[in-house]
Amino acid sequence: MKKLAIGVIAVAAMVCFSSVFIVDEGQKGIVVQFGKVKRVESGEPRLYEPGLHFKVPLIDQVRKMDARIQTLEGQADRFVTSEKKDLIIDSYVKWKIEDFSKYYLATGGGNKIQAEDLLKRKINNGLRSEIGNRTIKDIVSGERSTVMEDALMKMARSSELGIKVVDVRIKQINLPVEVSNSIYQRMRAERTAVAREHRSQGREQAEILRADIDRKVTVMIADAESNARQLRGEGDAEAARIYADSYKKDPEFFSFVRSMEAYRKSFAGGNDLMVLKPDSEFFRYLKSPQGSQP
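Residues numbered from 1 in each chain as written. Predicted model: local features only at pLDDT ≥ 70, side-chain atom pairs only at ≥ 80, totals over all residues. Heavy atoms only, no water.

**Let's talk about the overall build of the protein**
Scanning the protein from N- to C-terminus turns up seven helices and ten strands. Looking at the protein as a whole, 20% of its 294 residues qualify as buried. Here the analysis covers contacts within the protein between residues at least 6 apart in sequence; of these, 65% occur between residues at least 24 apart. For the protein, the accessible surface area stands at approximately 21,000 Å², while carbon and sulfur atoms represent 56% of it. (Helix = DSSP H or I, 4+ residues; strand = E, 2+ residues; numbered from the N terminus. Buried < 20%, exposed > 50% of the residue type's maximum accessible area, 1.4 Å probe, protein only. Contact = heavy atoms within 4.5 Å. Areas by Shrake-Rupley, 256 points an atom, 1.4 Å probe, with all protein chains shown as cover.)

Below you can see the structure in the form of structure tokens.
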């Protein structure tokens, strides 16, 4: 009897333990009975808020799902504009579960990976439709927010997944590598042509400035030489006048000074040889006075 009582207590404890479940903060739970979602009298699915709850042991199965807003970030994808130009667009989606029963059934038991895969396909289809109706300029410049709003409205009309799309945003827009390289090469060629034109204009301006400076330098040198010749001529004239005045005052002294200068210049070398007559006028002031010995 004692063992039976212990067994009964153990079974009762297991039954009590299996009939209790806890829903964590940020989650909501549904109960599945024989593969069907348990519903209330109105037909709506029975949702369990965070806290301690009870279920029928061995019959009810609890499925807990995240009720918070989720972020779906995938790989950048290629889209085609109305101009038939390719764009590489990277986007993200904010979503949350709106209908837990429908979400559970549409995603194979609340599989988040499967749910995000289905959602990504729908988002890409919506973006592809909106981008296909616009040009690159519209998407890049002023209508990016309109694209997002239209795509969001399309997602809101689609509720077969039990998901509510809160927001859709484009993070980055790029051109494909081959298109980017082509645009880069074209821009480089244009900039090279502009640089070549600027260099040509610069060389032309340099030649003009250099010719103008050379002309000014030539004029300045000519003016300076003319002034120098004029000043030199005036100086020579003034020197000649002074010499003439001096000669008039004392011709003998002037003749003596000029002879001394001639002697100094003639005898400066020391090895010079002169062939002159002894009575040459050149030796006038080297001769002895009359009546004295040389």
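**Description of the environment of K85**
Within the secondary structure, K85 sits in the loop between β8 (77-80) and β9 (86-97). On the basis of relative accessibility, which here comes to 43%, the residue K85 falls in the partly exposed class. Sequence separation of K85 and P176 is 91 residues, and the distance between their C-alpha atoms is 9.6 Å. Those residues in contact with K85 that sit more than four places away from it in its chain are F79, V80 and I136.

**Section: helix α7 (residues 251-266)**
Along its 16 residues, α7 runs 22 Å from first to last C-alpha, staying within 8% of the 22 Å computed at 1.5 Å per residue. Within α7, burial applies to F254, S259 and Y263. (Expected span 1.5 Å × (residues − 1).)

**Considerations on the pattern of salt bridges**
Applying the stated criterion across every chain yields a total of nine salt bridges. Overlapping salt bridges, with partners in common, bring together D212, R215 and K216 in one network. (Salt bridge = Lys/Arg side-chain N within 4 Å of Asp/Glu carboxyl O.)

**Examining unusual backbone geometry**
Within the chain, K84 stands out as a residue other than glycine whose phi angle is a positive 65°. Mapped onto the secondary structure, K84 falls in the loop between β8 and β9.

**Concerning the pairing of β9**
Of the strand pairs in this sheet, strand β7 (residues 70-73) and β9 are connected by four bridges, and their pairing is antiparallel. Counterpart to T71 in the pairing with β9 is K94. Remark: five residues form the turn of the hairpin made by β8 and β9, two consecutive strands paired antiparallel; K84 in that turn has positive phi of roughly 65°. Relative to strand β10 (residues 163-174), β9 is paired through ten bridges, and the arrangement is antiparallel. (Pairing = 2+ DSSP bridges.)

**Considerations on the pairing of strand β1 (residues 20-23)**
Only one face of β1 is buried: it carries F21 and V23, and the other face, with V20 and I22, is open. Bridging between β1 and strand β5 (residues 51-54) involves four bridges; their strand directions are antiparallel. Looking at β5, one finds that I22 is bridged to L52.

**Side note on the side chain of T81**
The residue T81 is located in the loop between β8 and β9 in this model. A residue is classified by how much of its surface remains accessible, and T81, at 2% relative accessible area, is buried. Excluding residues within four positions of it along the chain, T81 makes contact with L87, I131, G132, R134, T135, I136 and I139.

**Thoughts on a nonpolar patch on the surface**
Taken together, the side chains of V20, I22, L52 and F54 present a nonpolar region at the surface, about 390 Å² in accessible area. Secondary structure elements with two or more residues in the nonpolar patch: β1 and β5. Of note, L52 is situated in strand β5. By relative accessible area, L52 is classed as exposed at 53%. (Patch = residues over 30% accessible without salt bridge, like charges linked within 9 Å, V, L, I, M, F, W, Y side chains within 5 Å.)

**Overview of helix α3 (residues 112-131)**
Taking 1.5 Å per residue, 20 residues should reach 28 Å; α3 reaches 28 Å between its end C-alpha atoms and fits that length. What α3 keeps buried is the set A115, E116, L119, I123, N124, G126, L127, E130 and I131. Projection of α3 onto a plane perpendicular to its axis shows the buried side chains occupying an angular sector of 165°, all on one side. In α3, the exposed positions that point more than 90 degrees away from the buried face belong to R121 and N125. (Arc of directions from axis to C-beta.)

**Looking at the confidence of the model for the protein**
With 75% of its residues at a pLDDT of 70 or more, the protein shows a mean pLDDT of 77. Confidence scores differ between elements of the protein, with helix α5 (residues 144-157) showing the lowest mean pLDDT of 63 and helix α6 (residues 177-249) the highest of 87. (pLDDT = per-residue confidence, 0-100.)

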